[in-house]
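Observations on the model geometry
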Amino acid sequence: MTEYNFAYLDEQTKRMIRRAILKGLAIPGYQVPFASREMPMPYGWGTGGVQVSAAVLTPKDTFKVIDQGADDTTNAVSIRTFFQRTAGVATTTATSDATVIQTRHRIPEEPLHEGQILVYQVPIPEPLRFLEPRESETRKMHSLEEYGLMHVKLYEDISRHGHIATSYAYPVKVEGRYVMDPSPIPKFDNPKLGDMAAIQLFGAGREQRIYALPPYTQVVSLDFEDHPFEASKADHPCGMCGATDSYLDELIIDDLGGRMFVCSDSDYCEARQATGHKGKDAA
Amino acid sequence: MQANTLSGGFADPAVGSAHAFRSVMEAMARPGTIQDIEGAAPPAPLSPAMGAVLLTLCDTETPIYLAGDMDCDAARAWLAFHTGAPFVGPAHCMFAVGKWDALAPLAVYPIGTSEYPDRSATLIVECSELAASSATLTGPGIKDQATLSLPEVEAFQANRTLFPLGLDFIFTCGERLAALPRSTEVSRSSSEAIAQVGAS
Amino acid sequence: MYVAVKGGERAIENAHAWLAEERRGNTDIAELSIAQIREQLSLAVNRVMAEGSLYDPDLAALAIKQARGDLIEAIFLIRAYRTTLPRFGASEPVDTGIMACDRRISATFKDLPGGQVLGPTFDYTHRLLDFKLAADGEVPKAPSRDAETGNVPHVTEFLNREGLIEEAPHDDTPPPDLTREPLEMPADRALRLQALTRADEGFTLGLAYSTQRGYGRNHAFVGELRIGSVPVEMDIPELGFAVEIGEVILTECETVNQFTGSKTEPPQFTRGYGLVFGQTERKAISMALVDRALRWEELGEDNVGAPAQDAEFVLYHADNIQATGFLEHIKLPHYVDFQSELELVRKLRREAGAQQVQEAAE
Ligand SMILES: [Zn+2]
């Protein structure tokens with residue numbers, strides 16, 4: 001094969017994905033089944049996100065890809081290169097310059113603005129899957145709005161550990177109706193999901209689901225009155241830029257197990273350093 | 001086959017439909033906003049915006065219902081050639097195309113099932129005007145509130161009560177469009193409400 | 001000072017270059033040609049075509065070469081290629097009743113019209129390494145005879161005449177298309193068979209084997225196994241009739257299974273069915289056993305909770321491209337999630353520790 005279509009996918013596939021995206025936007029938090037295609041990268045490596053990006057990108061877009069918050073992780077590099085090659089889009093690492101951002105496991109620290117689209121790669125879209133492995137059952141539970149099992153699970157955590165023992169892929173309720181999996185973002189990122197100015201699209205390739213959050217949608221992390229939801233992170237400032245409000249990666253820096261904490265969002269950290277912010281570990 | 005049956009599609013289908021889709025998606029994601037959409041030149045009575053939406057979303061897998069005046073040879077031939085979509089009655093369509101009055105009654109369109117609310121029709125409504133007036137919109141996609149010229153209010157209020165089931169609407173006019181998903185709460189704008197009170 | 005690891009792009013390029021070199025191996029050794037793989041590793045080619053859902057021996061051979069002989073990787077290459085192909089239409093259903101059989105055996109009848117044809121099988125070979133092949137692979141010519149042509153009746157038809165086996169009525173309903181519609185539960189038999197025919201051979205074999213060992217036992221005999229080529233015809237609307245566009249080699253297995261009857265059905269034999277691209281008989285037999293196990297509900301049998309009876313379990317886990325991708329994705333960085341778990345575990349331990357100290361003090 002010599003020539004690929006713009007953004008790789010054939011037009012019929014894109015139309016099918018686009019229809020699913022529109023239904024997803026019309027029913028926030030509901031997982032729309034779609035006939036996911038085999039992509040030239042493996043399932044589980046972002047095929048859902050890639051298909052959604054391929055369906056929304058235009059040649060005028062500026063595209064950013066992050067994995068674990070960083071632009072230079074190998075899979076982010078691989079996906080960015082794929083769209084440079086097949087869609088000819090401009091790419092960037094600057095969050096504010098991007099019109100479409102594909103992400104795995106993080107929401108950028110810098111608030112997104114109108115005109116931006118955040119595309120999530122989702123491994124297991126069904127928030128109830130680990131409580132009920134059967135798709136036929138979980139579909140029924142969503143249709144009946146029967147989410148008691150999820151609350152029981154979270155409450156069992158509290159009675160056993162004193163806390164809800166879910167630290168990422170923390171379930172949310174959308175507009176008071178659908179319980180949704182926000183993809184494996186740390187729960188630190190959950191508060192950014194609601195009321196966001198950008199469009200959020202979620203693609204699960206292997207599981208053949210697309211779902212969406214329109215801008216300014218009400219998204220509430222599940223919790224209990226006596227155990228309110230708490231967005232947590234490592235209790236340190238960033239060693240490089242000194243930020244105290246960002247999600248941090250923990251790095252082991254020597255054989256003695258010495259550690260430092262650095263922003264997981266590489267663009268955020270670099271931009272702060274460029275404007276003179278300095279952490280204790282910076283040169 | 002008429003010459004204008006074969007023409008009027010996107011000059012570059014992949015890129016044309018990519019841009020058109022972004023307009024439709026922005027409209028659906030931000031109810032009440034009015035978006036430009038271009039690239040299609042369908043025969044009358046289809047408007048350019050209507051044509052672009054249909055080219056972007058329809059193919060052999062999407063049954064279309066043509067309501068009222070829209071059900072004419074020119075529209076059928078153009079859509080058959082450019083999309084290959086089958087034509088059906090309102091009860092089995094995925095997309096319905098027409099002016100507001102011709103599309104009524106709404107009760108006949110598929111609204112999805114409780115397990116698959118997405119299996120519902122999208123109505124593409126050709127309007128004589130599209131403006132930020134007459135109806136107040138709130139809900140997902142809308143920061144505080146938005147206003148949009150809707151053909152009426154009650155039908156959309158009734159549709160909202162079906163949520164998560166229901167119909168989704170795209171309004172087209174010339175080369176512009178707006179959208180109203182089932183999730184949007186609709187009320188009569190207070191200014192118009194006052195005007196009506198004043199008139200009565 | 002800490003410097004973040006950069007240069008993902010360079011690392012990927014270098015890895016690809018090294019991979020290409022490793023694939024080629026020692027350049028003193030002659031390179032494999034696609035034709036050599038196609039002709040001499042034909043069973044690998046068949047498996048790649050079957051699970052890749054694309055009948056093209058040359059492309060399958062190319063995929064095997066590119067994948068360094070990793071068949072799941074080769075299947076993946078074929079699947080990814082296949083999805084980009086335009087779809088011109090669907091063929092007429094193939095008629096295995098007119099198959100030009102290379103192999104046709106029945107385990108349920110000693111003899112049958114047309115006779116048992118062993119064909120090119122490993123079945124009765126002694127599995128002794130043939131060191132002659134290491135030096136010189138030349139083979140004496142096998143005896144041959146003219147191919148049987150015309151109708152080759154299915155063994156199950158003989159049973160059907162006596163009413164001893166369940167009816168398999170003709171059905172013109174277009175089957176769902178697994179590659180164009182998302183998998184939906186409950187899946188009808190056509191959809192299940194479609195998923196099974198491209199399912200991983202090893203997974204299907206394991207499930208089939210489990211039914212033989214009692215996890216949903218269904219007492220299967222190979223009613224008939226046939227391998228051969230069948231014509232593929234396509235209806236050309238402009239012509240108003242179907243024309244032959246080529247032929248494919250298929251393996252078809254029909255099992256005859258014991259059935260003691262249910263509330264609605266008298267005791268009779270029931271059927272399991274396997275149909276797979278190429279000469280792929282282990283897969284076709286496995287498919288037939290799993291098909292039969294999945295039919296418990298329509299036959300009014302008990303669900304004994306066996307894995308092979310569970311359609312959701314079987315269909316959602318049988319695809320090796322989905323499975324391998326998701327399994328291997330845990331190689332990707334997960335440090336953001338790991339960090340959040342780390343914080344949680346530290347917090348829980350801190351609190352548990354504080355509690356112990358307090359209890360000790362009390
Ligand atoms: Zn930092």
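Conventions used here
Residues numbered from 1 in each chain as written. Chains lettered and ligands numbered in written order. Predicted model: local features only at pLDDT ≥ 70, side-chain atom pairs only at ≥ 80, totals over all residues. Heavy atoms only, no water. Helix = DSSP H or I, 4+ residues; strand = E, 2+ residues; numbered from the N terminus. Buried < 20%, exposed > 50% of the residue type's maximum accessible area, 1.4 Å probe, protein only. Domains from an automatic or database assignment. Contact = heavy atoms within 4.5 Å. Buried area = accessible area lost by both parts, 1.4 Å probe. Salt bridge = Lys/Arg side-chain N within 4 Å of Asp/Glu carboxyl O. Polar contact = N/O pair within 3.5 Å; in protein donor to acceptor, adjacent residues only side chain to side chain. Core = buried A, V, L, I, M, F, W, Y, C linked by side-chain atoms within 4.5 Å. Axes fitted to C-alpha atoms, helices over the stretch in contact; angles between N-to-C directions. Parallel < 35°, antiparallel > 145°, perpendicular 65-115°, else oblique. Nonpolar A, V, L, I, M, F, W, Y, C, P; charged D, E, K, R; others polar.

Residues B:Ala104 and B:Pro105 are joined by a peptide bond in cis, for which omega reads 0°. Along the chain, B:Pro105 falls in the loop between helix H5 (100-103) and strand E4 (122-126). Positive phi, normally seen in glycine, also occurs at A:Gln68, with a value near 60°. By secondary structure assignment, the location of A:Gln68 is in the loop between strand E2 (62-67) and helix H3 (74-87). Overall, A:Gln68 belongs to the buried group, its relative accessible area being 0%. Phi angles above zero are rare outside glycine, and C:His219 is one such case at about 50°. Looking at the secondary structure, you find C:His219 in the loop between helix H9 (201-212) and strand E2 (220-236).

To continue, consider the domain arrangement of chain C. Residue and element names in this part refer to chain C. The assigned domain composition of chain C is domain 1 (10-82) and domain 2 (96-119 + 151-167 + 179-324). Centre-to-centre, using C-alpha coordinates, domain 1 lies 29 Å away from domain 2. Between domain 1 and domain 2, the residue contacts involve 14 residues of the former and 19 residues of the latter. A combined buried area of about 1,400 Å² lies between domain 1 and domain 2, and 59% of that area is made up of carbon and sulfur atoms. Contact with domain 2 buries area across many residues of domain 1, yet Glu-51, Tyr-55 and Arg-79 alone supply 42% of it, more than any other trio. The tally of links from domain 1 across to domain 2 stands at two salt bridges. In this structure, Arg-47 and Asp-200 form a salt bridge, with 3.0 Å as the shortest nitrogen-oxygen distance. For the pair domain 1 and domain 2, the interface holds seven residue pairs in polar contact (both at pLDDT 80 or more). Elements with a contribution of two residues or more to the side of domain 1 that touches domain 2: helix H3 (42-52) and helix H5 (71-82).

Side chains of a nonpolar character, in soluble globular proteins, are inclined to be buried together. A:Ile21, A:Phe83, A:Leu201 and B:Met25 are the most contacted members of the largest nonpolar core, which has 87 residues in total. Looking at this core element by element, the count peaks at nine residues for helix H2 (residues 13-29) of chain B. Each residue touching A:Leu201, except ones within four places of it in the same chain, is listed here: A:Ile21, A:Leu25, A:Val52, A:Val56, A:Ile117, A:Leu118, A:Val119, A:Tyr120, A:Tyr211, A:Ala212 and B:Met25. By size, the runner-up hydrophobic cluster in this structure holds 29 residues, among which are B:Ala67, B:Leu167, B:Cys173 and B:Val186.

What follows deals with the interface of chain A and chain C. Taken together, the contact pairs 66 residues of chain A with 46 residues of chain C. With both sides pooled, the region where chain A packs onto chain C buries about 4,600 Å², and carbon together with sulfur makes up 57% of that total. Here chain A is connected to chain C by four salt bridges. Between C:Arg346 and A:Glu250 there is a salt bridge; the shortest N-O distance is 2.8 Å.

Another point: the packing of helix H1 (residues 11-26) of chain A against H2(B). For the pair H1(A) and H2(B), the least separation of the axes is 10 Å and the interaxial angle reads 5°. Considering the angle they form, H1(A) stands roughly parallel to H2(B). Of the residues in H2(B), those touching H1(A) at A:Glu11, A:Lys14, A:Arg18, A:Ile21, A:Leu22 and A:Leu25 are B:Pro13, B:Ala14, B:Ser17, B:Ala18, B:Phe21, B:Val24, B:Met25, B:Met28 and B:Ala29. Each residue belonging to the contact of H1(A) with H2(B) can be placed in one class, and the counts come to 11 nonpolar, one polar and three charged.

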